[in-house]
Amino acid sequence: MKKTATTLADGRELIYYDLAEDVVRDAVDRRPLDAVVSSSEIRRDPLLGDAVAIASHRQGRTYHPPADECPLCPSRDGRLSEIPDDRYDAVVFENRFPSLAGDSGRCEVVCFTSDHDSSFADLTDDQAALVLAAWTDRTAALAELDQVAQVFCFENRGAEIGVTLGHPHGQIYGYPFVTPRTELMVRSAVAHRAETGRNLFEDVVARELADGDRVVLEGEHWVAFVPYAAHWPYEVHLYPRRRVADFRGLDDAARTEFPRMYLELLRRFDRIFGPDEPPTPYIAAWHQAPFRAPGREEFALHLELFTIRRTTGKLKFLAGSESGMGAFINDVPPESAAQRLREVAGK
């Protein structure tokens, strides 16, 4: 992998990640951009104790542009975009409309490929490995920032999820706080260690492997399963067999096997509802340990991949119980979801 850092016309950082070592990146962003103005603010909810980012400037962000005006495609044929060069393998840049900025954290965009009409599932093994390398590199870089407490790499895919740009891409959030979901997991892991002397995440994986009914995919270094108490109709968790806190802890063997495992999961998601359904909308959420919080040593890097589509032509809406009380009701038994994900292997 070759890494080349540059700046955009408004001063934002952009980094190319290339498969070939001999690639030269010297294109200049020629757009007449004003400096980015962010009004991001973190407020604490006194009742729940969690944090809310207030980011009113995001109301003006780019919304469903036509393909020939996509800001994530390369700059070519006289059209200038967020990426100055006319080609790229993968690229990361600071979001022009960040939810978090300055002392309130950092938001970055990750473009998985320059091919506008593809998806992550269409990537080759080498391309997927390159994205993993980019996630790892950015996790390491953001870990050095005092204002970043936790790094979250994720992909929103599909208009049903709320995606406003169709180009295959994800995001990286550097939160200035430990997120509520992570705090809950850390709290549970610490309590489990005190009660049993064992690691909670390792016990969860061992339980799923021993049971077997919810296991979807097994490799030498990774395992994927539908969790026992899945919140979403189709939800899969992917863990490295050797527990690590974040991307930086993965060894070469796990990195080598990762593309095959992850791409197969994404391709199965697109087959769940049959060939006549549009691509499955999903969220791919990578959970990493917070950097400087108690309990980090008990955490486990893992992916939570889920879709809001519950059956053909129908979505799972977060209505009264879920949105009002945070209590999920799942219409699809986890064992049935796992069986379906096994059935669509390699079709």
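You'll find the structure just up there.
Note that residues are indexed from 1 along each chain, following the sequence as it is written. In keeping with the model being predicted, local features are shown solely for residues with a pLDDT of at least 70 and side-chain atom pairs are shown and tallied solely at 80 or more, while totals for entire chains, interfaces and linings include all residues. Water and hydrogen atoms play no part in the side-chain values, which are based on all heavy atoms of the structure.

(A) Layout of the overall build of the chain. Check the secondary structure of the chain and you find 6 helices and 15 strands. Computation of the radius of gyration draws on C-alpha atoms alone. For the globule rule, the value is 2.2 Å times the number of residues to the power 0.38. In summary, the chain has a C-alpha radius of gyration of 20 Å against a globular reference of 20 Å for 347 residues, a match within 12%. Counting only C-alpha atoms, the chain reaches 55 × 50 × 45 Å along its principal axes. Type-normalised accessible area, obtained with a 1.4 Å probe on protein chains alone, sets the label of each residue: buried when under 20%, exposed when over 50%, and partly exposed for intermediate values. In the chain, which comprises 347 residues, the proportion classed as buried is 50%. The contact rule is simple, with two residues in contact once any of their heavy atoms fall within 4.5 Å. Long-range pairs, those at least 24 residues apart, make up 64% of the contacts in the chain between residues at least 6 apart in sequence. Only the protein chains shown count as cover for residues, with accessible areas throughout obtained via the Shrake-Rupley method and a probe of 1.4 Å. Summed over all atoms, the accessible surface of the chain reaches about 16100 Å², with 50% contributed by carbon and sulfur. The charge count includes Lys and Arg as positive and Asp and Glu as negative, but it does not include His or the ends of the chains. One atom stands in for each charge, and that atom is NZ of Lys, CZ of Arg, CG of Asp or CD of Glu. Counting 41 positive and 56 negative side-chain charges, the chain places the centres of these two groups 2 Å from one another. For the purposes of this entry, the term helix denotes a DSSP run of H or I that reaches at least four residues, the term strand denotes a run of E that reaches at least two, and both are numbered from the N terminus.

(B) Representation of the sheet that holds strand β5 (residues 90-94) within the structure. Only when DSSP finds a minimum of two bridges between them are two strands counted as paired. With antiparallel pairing, 11 strands are arranged side by side in an open sheet as β1-β2-β5-β6-β8-β7-β12-β13-β11-β10-β9. One side of each edge strand has no neighbouring strand; the edge strands of this open sheet are β1 (2-7) and β9 (215-218). Here the strands of the sheet are splayed against their neighbours by 20° on average, with no regard to which way each runs. Across 4 bridges, the pairing between strand β10 (residues 222-225) and strand β11 (residues 234-240) is antiparallel. Within β11, the residue paired with V223 across the bridge is Y239. With axes taken as lines fitted to C-alpha atoms, and helix axes fitted only over the stretch in contact, angles between N-to-C directions fall between 0 and 180 degrees. In the packing of helix α1 (residues 125-143) onto the sheet, contacts are made with β1, β2 (13-18), β5, β6 (106-111), β7 (150-157), β8 (169-175) and β12 (282-287), and the angle to β2 comes to roughly 145°.

(C) Spatial organisation of the packing of helix α2 (residues 180-196) against helix α3 (residues 200-211). Relative orientation of the contacting elements α2 and α3 amounts to 90°, with a least axis distance of 8 Å. With respect to their mutual orientation, α2 and α3 come out roughly perpendicular. Residues M185, S188, A189 and H192 of α2 form the contact with α3, whose participating residues are L200, F201 and D203. Classes in brief: Ala, Val, Leu, Ile, Met, Phe, Trp, Tyr, Cys and Pro nonpolar; Asp, Glu, Lys and Arg charged; the others, Gly included, polar. Looking at the contact of α2 with α3 residue by residue, the classes come out as 4 nonpolar, 2 polar and 1 charged. In these notes the angle categories are as follows: under 35 degrees is roughly parallel, over 145 is roughly antiparallel, 65 to 115 is roughly perpendicular, and the rest is oblique.

(D) Expanded view of the environment of A189. Considering the arrangement of structural elements, one finds A189 in helix α2. Once the C-alpha coordinates of A189 and F299 are considered, the two residues, 110 residues apart in sequence, prove to be 7.2 Å apart.

(E) Summary view of the side chain of E304. Considering the arrangement of structural elements, one finds E304 in strand β13 (residues 302-307). Owing to a relative accessible area of 5%, E304 belongs among the buried residues under this scheme. What qualifies as a polar contact is a pair of N or O atoms within 3.5 Å, subject to a donor-acceptor requirement within protein and to the restriction that residues adjacent in sequence count only when both atoms come from side chains. Reaching out from E304, the side chain makes a polar contact with the side chain of R181 at a distance of 2.9 Å. Not counting residues up to four positions away in its chain, the partners in contact with E304 are R181, M185, V236, H237, I283, A284, A285 and H287.

(F) Here's a closer look at the nonpolar core. Counting residues in hydrophobic clusters, the biggest one holds 54 residues, and the most contacted among them are F120, W135, L238, Y262 and W286. The residues contacting F120, other than those within four sequence positions of it, are F112, A128, V131, W135, E155, P168, Y262, L263, L266 and Y282. What we call a nonpolar core is a set of buried Ala, Val, Leu, Ile, Met, Phe, Trp, Tyr and Cys residues that are connected through their side-chain atoms within 4.5 Å.

These figures capture arrangement, not role.
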